[in-house]
Amino acid sequence: MAEYRPATPDQAAFLAELTGHGLLVETGVPGVYGRSGVFERVREGFDRLVTRVAAPDGSETLRFPPILPREHFEASGYLKSFPHLAGTIFAFEGSEADAAEQEERAGRHEAWNEFQSMTDLVLLPAACYPVYPAIARRPPLARGGLTIDAGGAYVFRHEPSGDPARLQMFHQREMVRFGEPETVADWRNAWRDRAVDILGRVGLSPKLEVASDPFFGRAGRMLAANQREQELKFEVLIDIAGPEPTAVASFNYHRDHFTGVFGISMADDGPAHTACLGFGLERITLGLFRTHGLDPAAWPAEVGRELWP
């Protein structure tokens, strides 16, 4: 069982406001909520704003379901770095007697996991993960590489919390850049600055910081320190619910990790690198509600023009 992170008083009060106004709907599981039409209209409005800003890049659009073949997940190295966040998919494969026993135990809310077997699928941990094996099936990359817009896919992180901004299932709007090292690094840095501008345009107060991923264990602390030292990851943070600002967008330079794992190369035999960016759409939506109030009809006109032109 993952460790539950209780809400701070400020986070608990904000969650109560959100559920009280029907913007979020409780399910009984921390970090898993239904969303109202008003909430979704704001989330989708920001998603479309990102699409408009990204249009000049000429990205190729790819969309994937929120599940990933286990083979690709295992190759990615995710279990080495983030075993505490992963979600795997199990299913029943037993006899009729097993099915009856499973149902009885489930009806009593007792353990019934012994009747379940691991499938060939896992829950998607990041929206970019299906992109790498898809590009690996293509010929080597032409000079300049390519950019993939992977959209706002649902992703899963197993970290139950009372903080409304720390969801277990949420939309991550991702784009992935493939190409020569300098090309990829420049793209990551340009989008890092674009994100600050986009969030400022909707009335938020973004802060850019060097960051690290939540790597697991003692070795993970060394990986995080190296990631920060080499500035491989940046995050943009905004105020949602205290005590600290919350990361709502990240910009990661992977170097040749994914191209090496999946065998992606440049046509001229030069090194192929990747970078990705991700906007946490629910967190940005929550930031908008916290900053401008719970009724979008009363928000500043300039914010409305950006979200719903």
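Okay, so let's go over this structure. Quick caveat, the model's predicted, so the values are computed rather than measured. (Residues numbered from 1 in each chain as written. Predicted model: local features only at pLDDT ≥ 70, side-chain atom pairs only at ≥ 80, totals over all residues. Heavy atoms only, no water.)

Let us now look at the sheet that holds strand β12 (residues 273–280). Ordered in space as β3-β7-β8-β12-β11-β10-β9, the seven strands form an open sheet in which the pairing is mixed. In this open sheet, the two strands that pair with only one neighbour each are β3 (60–61) and β9 (207–210). In terms of strand pairing, strand β7 (residues 146–156) meets strand β8 (residues 169–179) through ten bridges, oriented antiparallel. Across the sheet, residue Y154 finds its bridge partner in β8, namely H171. Helix α7 (residues 181–201) contacts β7, β8, β9, β10 (233–238), β11 (246–255) and β12 of the sheet and is inclined by roughly 15° relative to β12. (Pairing = 2+ DSSP bridges. Helix = DSSP H or I, 4+ residues; strand = E, 2+ residues; numbered from the N terminus. Contact = heavy atoms within 4.5 Å. Axes fitted to C-alpha atoms, helices over the stretch in contact; angles between N-to-C directions.)

Turning next to the packing of helix α2 (residues 37–54) against helix α10 (residues 281–292). It is at 9 Å that the axes of α2 and α10 come closest, and there the two elements cross at 110°. Classed by the angle they form, the pair α2 and α10 counts as roughly perpendicular. Pair α2 / α10 crosses with right-handed handedness. Residue-level contacts link V38, F39, V42, R43, F46 and D47 of α2 to L281, E282, I284, T285, L286, L288 and F289 of α10. (Parallel < 35°, antiparallel > 145°, perpendicular 65-115°, else oblique. Left-handed = near helix turned anticlockwise from the far one by under 90°.)

Under the counting rule described, the total for this entry stands at 13 aromatic pairs. With centroids separated by 5.2 Å and ring planes inclined at 15°, the aromatic side chains of F82 and F215 adopt a geometry described as stacked. With F82 in the loop between α4 (78–81) and β5 (88–92) and F215 in the loop between β9 and α8 (217–229), this residue pair connects regions lying 133 residues apart in the sequence. As far as the burial class goes, F82 and F215 line up, both buried. Grouped by ring-pair contacts, the aromatic residues F73, Y78, F82, Y129, Y132, F178, F215 and F258 constitute a single cluster. A cation over a ring is seen here: R192 above F234, with NZ or CZ 4.4 Å from the ring centre. (Phe/Tyr/Trp six-rings, centres within 6.5 Å; stacked < 30°, edge-to-face > 60°. Buried < 20%, exposed > 50% of the residue type's maximum accessible area, 1.4 Å probe, protein only. Lys NZ or Arg CZ within 6 Å of the ring centre and 35° of its normal.)

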